[in-house]
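Here's the letter readout for the chains.
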Amino acid sequence: MADLPAAPARIPLGRSGLEVAPLGWGMWRLAGADVAAARARVDAALDAGCTLFDTADVYGLGTEGGFGAAEALLGRVLSQAPSLRRRMVLATKAGIEPGVPYNSTAGYLVGACEASLRRLGVEQVDLLQVHRPDLLAHPEQVAMAFERLYRDGKIRAAGVSNYTVAQIRALLRCLTMPLASLQPEFSPLVLEPLTDGILDLALECGIAVLAWSPLAQGRLAGAGAGGDARVARVIAALDAIAARAGVARSAVAYAWVMAHPARPVPLVGAQSPAHIREAAAARGVRLSRPEWYQVLEASRGERMP
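Below you will find a few notes about this structure.

Quick notes on the rules
- Residues numbered from 1 in each chain as written.
- Predicted model: local features only at pLDDT ≥ 70, side-chain atom pairs only at ≥ 80, totals over all residues.
- Heavy atoms only, no water.
- Pairing = 2+ DSSP bridges.
- Helix = DSSP H or I, 4+ residues; strand = E, 2+ residues; numbered from the N terminus.
- Axes fitted to C-alpha atoms, helices over the stretch in contact; angles between N-to-C directions.
- 1 Å grid on protein atoms, 1.4 Å probe; cavity = no way out; pocket = protein on both sides within 12 Å on 5 of 7 lines; lining within 4 Å.
- Points joined across faces, edges and corners; volume = space filled by probe spheres on them.
- Contact = heavy atoms within 4.5 Å.
- Phe/Tyr/Trp six-rings, centres within 6.5 Å; stacked < 30°, edge-to-face > 60°.
- Buried < 20%, exposed > 50% of the residue type's maximum accessible area, 1.4 Å probe, protein only.
- Expected span 1.5 Å × (residues − 1).
- Disulfide = S-S within 2.5 Å.
- Parallel < 35°, antiparallel > 145°, perpendicular 65-115°, else oblique.
- Left-handed = near helix turned anticlockwise from the far one by under 90°.
- Nonpolar A, V, L, I, M, F, W, Y, C, P; charged D, E, K, R; others polar.

**Here's the deal with the sheet that holds strand E10 (residues 265–268)**
Here we have eight strands rolled up into a closed barrel, ordered E3-E4-E5-E6-E7-E8-E9-E10, and parallel in their pairing. Strand-to-strand twist of the sheet, defined as the mean angle between neighbouring strand axes without regard to direction, takes the value 30°. The sheet contact formed by strand E7 (residues 155–161) and strand E8 (residues 181–183) spans three bridges and is parallel. Residue Gly159 lies in a different strand from E8, and its bridge partner there is Ser181.

Listed below in structure tokens is the structure:
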């Protein structure tokens, strides 16, 4: 039974000249004032082989720290250990304005990025992404913001998150710099990128894919399916592979995402250092073609045509 090709050790971040490891760490649940605990999570992510560190200005909204809290906490970690910055490809997102809810005008995106730099305590981020599409912003506005920030040395690359294929194509027509990344939700339970053209577009245009919520917001990490028959089928399929490979189920879920030819980079959302380190095993999991399709069929609830 032939295994699918292993993920490469480094994945190009589009045509930006940057490269990342095949696993990244997402900080949407990074919050609080405990710098030591945050540092332990950062260290665990680095130990797991993650190089892409993905945050956003809105992370922290609804917590005691509020808007910007995750960036500010990471900034305190970096201020205490500046050498960590050199080991990461630092990414953040902008474009969500509480109460609006979306604002991708050029002026807002530039100002939001500059505020992120202050919270992070850095002069430049490696990747800035628009968090969610603003239906009222012309793509020229987004392009203007990206190109100004790039020209001013405040970002090294630009990307988008949760955009449709049509929205990406419209932006590409306005950009004079390459688009480095797309960030869709993608997991064994969220299959739309396989059929809505996102992964195909990434392959066509040479754009990196960053997959958020690869464990389907934790539904694939828990002890049970909670009565959901579809989740139960997918868990059973993942568990069969995990037993064969001798790894945790979560590692198989990450490996399933990584196996697509577009080479999506799963963004590990775990906040426990032990669970973050557990993700490293995904890089050693080699799924066979039948196994990959068995997980897909379990999620679809039917055989492939």
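The structure having been displayed, the exposition proceeds.
**As for empty space enclosed by the protein**
Empty space among the atoms becomes visible once a probe the size of a water molecule is rolled across them. Applying the stated criterion to the full structure yields two cavities of 30 Å³ or more. Estimated volume of the largest cavity: approximately 110 Å³. Along the wall of the largest cavity there are 13 residues; nearest its centre are Pro5, Ala6, Ala7, Ala255 and Val285. Val160, Ser161, Asn162, Tyr163, Ile168, Leu182, Gln183, Pro184 and Ile198 are the residues that line the second largest cavity.

**Concerning the layout of surface pockets**
Taken as a whole, the largest pocket spans an internal volume of roughly 750 Å³. If you trace the largest pocket, you find 35 residues lining it, with Trp28, Arg29, Ser213, Gln217 and Gly269 closest to the centre. Listing elements by their share of the lining of the largest pocket, those giving two or more residues are helix H9 (249–258), E10 and helix H10 (273–278). The leading source of residues in the lining of the largest pocket is H9, at three residues.

**A short note on the environment of Phe67**
Of note, Phe67 is situated in the loop between strand E4 (52–54) and helix H2 (69–80). Residues Phe67 and Glu97 lie 30 residues apart in sequence; the distance between their C-alpha atoms is 9.5 Å. Non-local contacts of Phe67, meaning those with residues more than four positions away in its chain, are made with Asp57, Val58, Gly60, Leu61, Ile96, Pro98 and Arg119.

**Quick notes on the packing of aromatic side chains**
Taken as a whole, this structure holds four aromatic pairs when the rule is applied. On the basis of an interplanar angle of 80° and a centroid distance of 5.8 Å, the ring pair of Trp25 and Phe53 is categorised as edge-to-face. Within this pair, whereas Trp25 is found in strand E3 (residues 24–26), its partner Phe53 is found in strand E4, the two being separated by 28 residues in sequence. Comparing Trp25 with Phe53 shows no difference in burial state: the two are buried.

**Quick look at helix H4 (residues 139–151)**
If you check H4, its first and last C-alpha atoms are 18 Å apart, about what 13 residues at 1.5 Å a residue would give, namely 18 Å. Along H4, the positions that sit buried rather than exposed are Val142, Ala143, Ala145, Phe146, Glu147 and Leu149. On its buried face, H4 sits against helix H3 (106–120), strand E6 (125–130), E7 and helix H5 (165–174). At the C-terminal side of H4, Gly153 shows a positive phi close to 75°.

**Topic: the state of the cysteines**
By definition, a disulfide is the covalent link that joins the sulfur atoms of two cysteine residues. Applying the stated criterion to the full structure yields zero disulfides. Left without a disulfide partner, Cys174 is nearest to the cysteine sulfur of Cys205, which lies 14 Å away. A relative accessible area of 22% places Cys174 in the partly exposed class.

**As for the packing of H4 against H5**
The packing of two helices is summarised by the inter-axis angle and the distance between the axes. Where H4 meets H5, the axes come as close as 8 Å, and the angle between the chain directions of the two elements is 55°. For the element pair H4 / H5, the angle class is oblique. Note on packing geometry: the crossing formed by H4 with H5 is right-handed. Where H4 approaches H5, its residues Pro139, Glu140, Val142, Ala143, Phe146 and Glu147 are matched on the opposing element by Ala170, Leu171 and Cys174. Residue composition of the contact of H4 with H5, grouped by class: seven nonpolar, no polar and two charged.

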